[in-house]
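Next come the chains, spelled out residue by residue.
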Amino acid sequence: MIVQLSEAKKYLPEDYVISHEVTEEEKEGENKIEIELLNDFKPVVEPLNFNQEFESIASLDSSTRYLRDISVNLVILGMSIYSNRKGFIDFPLVKEIPYIGVNTYRKILDKISAEMKFIKVKNEINYPLDENYKLDDVADEMRTEAENIGLSEVVNNHDLVILDGPIYPTPLELTEELDLSSPSRLCHQLAYASLVNKRISLLKGNVIGVVKRLENSGKLWKDNQITEEFKKRGKNIRGLKDPTILELIDYEFCRKSGRHSYACIIGPFKIDYNLHVEGPKNCCKGDGNSTYLSNVPAKYAYYIILRKPYVPTTYFRIEGLDESFLEKGMRTALSRLSDRLIPTFIELVDNRAKRISAGLFITAYEIASSYLSIIHDDKLAYDTTVSEFLSVSQQNLTNLL
């Protein structure tokens, strides 16, 4: 495939340069949500000794990295599933999955063999990942598609499935009025909506999501009970991000318990998303109209604050579709915590998925650097990734000795 890319680049003028712009975090869409605290606002403080309430448990996460040439962007994906019954299932190492996305000019895409199933050159609705397609959009779609495949592997044969992240994503593209005037942005929206619709069809009550990154989430201030409680205390929390509000809750309510180590639980909440995405049946031709996403089920969620001396406080949103199942699932997820106060079930797959994508990135760089003009940032990323690999390998050897 790298050789094909190298040969195809010869058909482009020398001044063709593709955008390499990326943003590190996917922002959650907030405009169309409604959030409601189902009980009175009374944060509950408990000791950090939760019990595991299910026998068969699986968790999964994916990771992407970028390898960029002057006129070609590659997205490289790795994914890992952990099952306490079956061990690790690593993608694409033991299970086939599209793990290289090619984002470049159509003249190049047209010359890549369609027979290579591990290569992705079109999105979910068959639109090319061309020069107008954003690199972040390619990565977001690939992770969602991969996790859908992973979820289908474990959802029916485990008591509890834990996703690292939301049970289904709600990105800006689906919830905000964004500029969709270009075909590539419109077709990304429709492809993403289709992938989210597939995710929802796979979900069962036994699936929960642990959302670690809340810095782009602003839901809590929209709940009237929480807003009024802080108004009584002379604080206006309107528009604040969730981590800031959780810090205030911790300071005003949780720390007063007198415990040095604790979990502070707020919830349950019901979160409704008014999502409806329509568009042309054939994105390339604009023929007819079709519904890609509608009737999105509500999520139920708890917000969790974990505190322990000499360890940075951690904040999570743990969500699911089944309110009655969610509390048991949450307690099981928190029954094993790492030294960093991260649920071990998701830290295992997070670290492993990152290591898989790093290994694939190193291999791809070794091959691609002989044929493509890798940009400087990715040369530095290669050096850093190799150093990290050597450091971990040395540490493992030291542990064995």
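Residues numbered from 1 in each chain as written. Predicted model: local features only at pLDDT ≥ 70, side-chain atom pairs only at ≥ 80, totals over all residues. Heavy atoms only, no water.

Residues with a pLDDT of 70 or more make up 94% of the protein chain, whose mean pLDDT is 90. Here residues 397-401 is modelled with pLDDT under 50, and outside its nearest four sequence neighbours on either side it reaches zero contacts, counting other chains as well. (pLDDT = per-residue confidence, 0-100. Contact = heavy atoms within 4.5 Å.)

Right, let's get into the packing of aromatic side chains. Summed over all chains, the structure comprises nine aromatic pairs. Grouping aromatic residues by their ring pairs yields a cluster made of F41, F230 and F253. Directly above the ring of Y127 sits R106, whose terminal nitrogen or CZ lies 5.2 Å from the centroid. Across from the ring centre of Y168, 4.3 Å away, lies the NZ or CZ of K299, which sits over that ring. (Phe/Tyr/Trp six-rings, centres within 6.5 Å; stacked < 30°, edge-to-face > 60°. Lys NZ or Arg CZ within 6 Å of the ring centre and 35° of its normal.)

A few words now on the side chain of R199. Looking at where R199 falls in the secondary structure, it is placed in helix α5 (residues 183-202). In this structure the side chain of R199 is engaged in a polar contact, spanning 2.6 Å, whose partner is the side chain of N148. In this structure, R199 is in contact with T144, E147, N148, L151, L163, P166, I167, Y168 and P169, ignoring residues within four places of it in sequence. (Helix = DSSP H or I, 4+ residues; strand = E, 2+ residues; numbered from the N terminus. Polar contact = N/O pair within 3.5 Å; in protein donor to acceptor, adjacent residues only side chain to side chain.)

Moving on: the pairing of strand β4 (residues 72-83). Burial runs high along β4: twelve of the twelve residues are buried. The sheet contact formed by strand β3 (residues 57-68) and β4 spans eleven bridges and is antiparallel. Bridge assignment links S62 to a residue of β4, and that residue is M79. As paired elements, β4 and strand β6 (residues 100-104) share five bridges and run antiparallel to each other. When the sheet's bridge partners are listed, V72 is paired in β6 with T104. As paired elements, β4 and strand β5 (residues 87-91) share five bridges and run antiparallel to each other. (Buried < 20%, exposed > 50% of the residue type's maximum accessible area, 1.4 Å probe, protein only. Pairing = 2+ DSSP bridges.)

Below, the discussion takes up empty space enclosed by the protein. Inspection of the entire model under this criterion finds one cavity of 30 Å³ or more. Empty space within the largest cavity amounts to approximately 30 Å³. Here the lining of the largest cavity gets four residues from one element, more than from any other, and that element is helix α3 (residues 135-154). When its residues are assigned to classes, the lining of the largest cavity shows five nonpolar, no polar and two charged. (1 Å grid on protein atoms, 1.4 Å probe; cavity = no way out; pocket = protein on both sides within 12 Å on 5 of 7 lines; lining within 4 Å. Points joined across faces, edges and corners; volume = space filled by probe spheres on them. Nonpolar A, V, L, I, M, F, W, Y, C, P; charged D, E, K, R; others polar.)

Attention now moves to the state of the cysteines. Disulfide: a covalent bond formed between the sulfur atoms of two cysteine residues. Going through the model one piece at a time under the given rule, you end up with two disulfides. Here C187 engages in a disulfide with C283; their sulfurs sit 1.8 Å apart. Judged by the torsion about the S-S bond (-100°), the C187/C283 disulfide is left-handed. Residue C187 is found in helix α5, and its partner C283 is found in the loop between β11 (277-279) and β12 (290-293); the two are separated by 96 residues along the sequence. Of the residues examined, C187 reaches a relative accessible area of 1% and is grouped as buried. With relative accessibility at 10%, the residue C283 sits in the buried group. Put simply, C254 and C264 are joined by a disulfide, and their sulfur atoms are 2.1 Å apart. Around the S-S axis, the bridge from C254 to C264 shows a dihedral of about -60° and counts as left-handed. Here C264 lies in strand β10 (residues 262-273) and C254 lies in helix α7 (residues 242-254), a separation of ten residues in the sequence. For the protein chain, the disulfide bridges join cysteines in the arrangement 1-4, 2-3, where the cysteines are counted in sequence order. (Disulfide = S-S within 2.5 Å.)

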